[in-house]
Amino acid sequence: MTIATSDNLRLDWVVITYMAFIHLAALFALLPSNFNWTAVGLMIFFHWVTGGLGVTLGWHRLVTHRSFQTPKWLEYFLVLCGTISCQGGVIDWVGLHRIHHLHSDTQPDPHDSHQGFWWSHMAWMLHKIPADEQISKFTKDISGDRVYQFLDKYFVLVQVVLGLLLYAMGGWPFVVWGIFVRLVLVFHCTWFVNSATHKFGYRTYESNDCSKNCWWVALLTYGEGWHNNHHAYQYSARHGIKWWEIDLTWMTIQFLQQLGLAKNVKLISPEQT
């Protein structure tokens, strides 16, 4: 089998251009005219909405792993929040993540950590990888849903609409911080789960891969850094198992439970902790 690396895969110039534009636009935050504390606060708020509620709670624990259930309107809202993270379409994201878990740190894994930190962090996205052709096989449960189809296809348009709203509210500082700086930060926080948590930290369980529990990634990603726990028990809605493993997303799920909005929550048994 030919090993998929940056040396034998074609570059994806659409993604490269997309990433370069967003990162370069974020540099406009360095201009004094684009700085105010309200804009920074807006960025922090949308970091939580898109990275916490959207990617971590919605796309990952709810949709990818179905570790709990919510009413359909809430599921769509959380998926919309994830769409505003602009990390590609939700169907593609879920499919690639399911492939990652099935083949973690082996050749079919889209971001196999054995290919190096840079590859698993973001270089894999800059190439046309074989896993892209397998997405449809892993997303049959959502690919026929018209809401998912719309958000998957028009995630950039959704971002543009948000940008126009922010510009109307606060001008360019709101756009630079609320869109571009926030996107870059959420991008890299999410990518650290693919890279840093397969390199740094400790292992509690044998998971047949390189996944580790990394405290600082957990803080940046609302609990996703307890990655070895997650790879050992993918179905669990709670990733921070030990009392010191702070998991803000699990706290959110508990809150939704109290409101009657989260049901059939899957957890590991006490004997497995």
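Here is what the cut-offs are and how they apply
Residues numbered from 1 in each chain as written. Predicted model: local features only at pLDDT ≥ 70, side-chain atom pairs only at ≥ 80, totals over all residues. Heavy atoms only, no water. UniProt positions renumbered as here; feature names shortened; annotations may be inferred. Helix = DSSP H or I, 4+ residues; strand = E, 2+ residues; numbered from the N terminus. Patch = residues over 30% accessible without salt bridge, like charges linked within 9 Å, V, L, I, M, F, W, Y side chains within 5 Å. Areas by Shrake-Rupley, 256 points an atom, 1.4 Å probe, with all protein chains shown as cover. Salt bridge = Lys/Arg side-chain N within 4 Å of Asp/Glu carboxyl O. Buried < 20%, exposed > 50% of the residue type's maximum accessible area, 1.4 Å probe, protein only. Contact = heavy atoms within 4.5 Å. Core = buried A, V, L, I, M, F, W, Y, C linked by side-chain atoms within 4.5 Å.

Participant: I'd like to hear about the UniProt feature "transmembrane region" (unreviewed entry) in the chain, residue by residue, with values.
Facilitator: In the numbering used here, UniProt assigns the feature "transmembrane region" (unreviewed entry) to residues 12–31, 37–59 and 150–168. From the first C-alpha to the last, residues 12–31 spans 31 Å; its make-up is 70% helix and 0% strand. Measuring from the first to the last C-alpha atom of residues 150–168 gives 25 Å, for a span that is 95% helix and 0% strand.

Participant: Give a description of a nonpolar patch on the surface that names residues and reports values.
Facilitator: Together, Phe150, Tyr154, Val156, Leu157, Val160, Val161, Leu164 and Leu165 give the surface a local cluster of nonpolar side chains, amounting to about 710 Å² of exposed area. Residue contributions to the nonpolar patch peak at six residues, all from helix H8 (residues 155–194). Along the polypeptide, Leu164 turns up in helix H8. Residue Leu164 is classed as exposed on the basis of its relative accessible area of 57%.

Participant: Before we move on, could you go through the side chain of Thr83 and cite the residues and values that matter?
Facilitator: Mapped onto the secondary structure, Thr83 falls in helix H3 (residues 72–83). Apart from the residues within four sequence positions on either side, Thr83 is in contact with Trp59, Leu151, Phe155, Val158 and Gln159.

Participant: Account for the nonpolar core, naming residues and giving values.
Facilitator: Across soluble globular proteins, nonpolar side chains show a tendency to be buried alongside one another. Counting residues in each nonpolar core, the largest one holds 63 residues, and the members touching the most others are Trp177 and Ile253. Listed by contribution, the elements that provide at least two residues to this core are helix H1 (13–26), helix H2 (37–64), H3, helix H4 (90–102), helix H7 (146–153), H8 and helix H11 (248–258). Examining the composition of this core, we find that 15 residues originate from one element, H8, more than from any other. Contacts of Ile253, omitting those with residues within four sequence positions, involve Leu57, Arg61, Phe68, Ala237, Ala262 and Val265.

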